[in-house]
Amino acid sequence: MKHLKNYLSILSMLIVLSLLTLISCTPDTEKEDLICKVLVEISEGGIGVVSNNEVVSGEEVTLKAVPEETYRFVNWTVRGEEVSKENPYTTIITATTQFKPNFEKDNYALKVTAGEGGSVKSTSEGEILNGTEVMLTATPNEGYSFVNWTVDGVEVSKENPYTTKITEDVEYKANFIDKCNGHGYVDLGLSVKWATCN
């Protein structure tokens, strides 16, 4: 009876060890090390590469995400859970693991506004693909003239129209000046007005 209990105890231990081995990595019969596979999923917007597809459990690997043009890298996930936002990303492997690099469209927000005395239009506005060129046009009202384009109060151009490349979230403002500095107009009739400052 005692021998039977010992036998059952040993058998149970062997089963547990076998299960643990199957869950983690596969043994290398020559070196008696556990070999883990490192896999990278295919993703829309780019690819992921790994420094080594098979490593001994406990070793490091480095993963690198390479986005396609007009995309940017977001993060690495394993089974849907974020594990890192780093790129490249170095980690220790203790089990066969499949990483997924995630990407998103490389868009930026463009807003165009007009100060008092005119209006504006743009060839594009809203979400703009990184690197896209847009043309901004300012149209002054009667009695006003265009001054410049500013971003956060800083002049960026006096050109009108003005062509620029979008590489960040940005708001352009067209500024105008009253030609008469606040003076009025004399109505000469027949829909004709003469500025009193002339």
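Note that the coordinates shown come from a computational prediction; the quantities given were computed from them, not determined experimentally.

### Quick word on the environment of Asn 160
Link 1 in the chain: By the secondary structure assignment, Asn 160 is in the loop between strand S15 (154-157) and strand S16 (162-165).
Link 2 in the chain: C-alpha separation for the pair Asn 160 and Phe 146, spaced 14 residues apart in sequence, amounts to 8.1 Å.
Link 3 in the chain: Other than its neighbours up to four places away in sequence, Asn 160 contacts Leu 136, Thr 137, Ala 138, Phe 146 and Trp 149.
Link 4 in the chain: Separated by 2.8 Å, the side chain of Asn 160 and the backbone oxygen of Ala 138 make a polar contact.

### Here's the deal with a negative patch on the surface
Link 1 in the chain: Together, Glu 127, Asp 152, Glu 168, Asp 169 and Glu 171 give the surface a local cluster of negative charge.
Link 2 in the chain: When you line up the elements, Glu 168 lands in the loop between S16 and strand S17 (170-178).

### Thoughts on the pairing of strand S8 (residues 89-92)
Link 1 in the chain: A one-sided burial pattern is seen for S8, the buried positions being Tyr 89 and Thr 91 and the unburied ones Thr 90 and Ile 92.
Link 2 in the chain: For strand S5 (residues 60-67) and S8, the ladder comprises 4 bridges, and the chain directions are antiparallel. In the strand pairing of S8, Thr 62 is matched with Thr 90.

### Focus on the confidence of the model for the protein
Detailed reading of the predicted coordinates is not advisable wherever pLDDT is low.
Link 1 in the chain: Averaged over every residue, the pLDDT of the protein is 84; the share at 70 or more is 76%.
Link 2 in the chain: Across residues 184-189, confidence stays below pLDDT 50; counting only partners more than four residues off in sequence or on other chains, it has 16 contacts.

What counts, and where the lines are drawn
Residues numbered from 1 in each chain as written. Predicted model: local features only at pLDDT ≥ 70, side-chain atom pairs only at ≥ 80, totals over all residues. Heavy atoms only, no water. Helix = DSSP H or I, 4+ residues; strand = E, 2+ residues; numbered from the N terminus. Contact = heavy atoms within 4.5 Å. Polar contact = N/O pair within 3.5 Å; in protein donor to acceptor, adjacent residues only side chain to side chain. Patch = residues over 30% accessible without salt bridge, like charges linked within 9 Å, V, L, I, M, F, W, Y side chains within 5 Å. Areas by Shrake-Rupley, 256 points an atom, 1.4 Å probe, with all protein chains shown as cover. Salt bridge = Lys/Arg side-chain N within 4 Å of Asp/Glu carboxyl O. Lys, Arg positive; Asp, Glu negative; His and termini not counted. Charge placed at Lys NZ, Arg CZ, Asp CG, Glu CD. Buried < 20%, exposed > 50% of the residue type's maximum accessible area, 1.4 Å probe, protein only. Pairing = 2+ DSSP bridges. pLDDT = per-residue confidence, 0-100.

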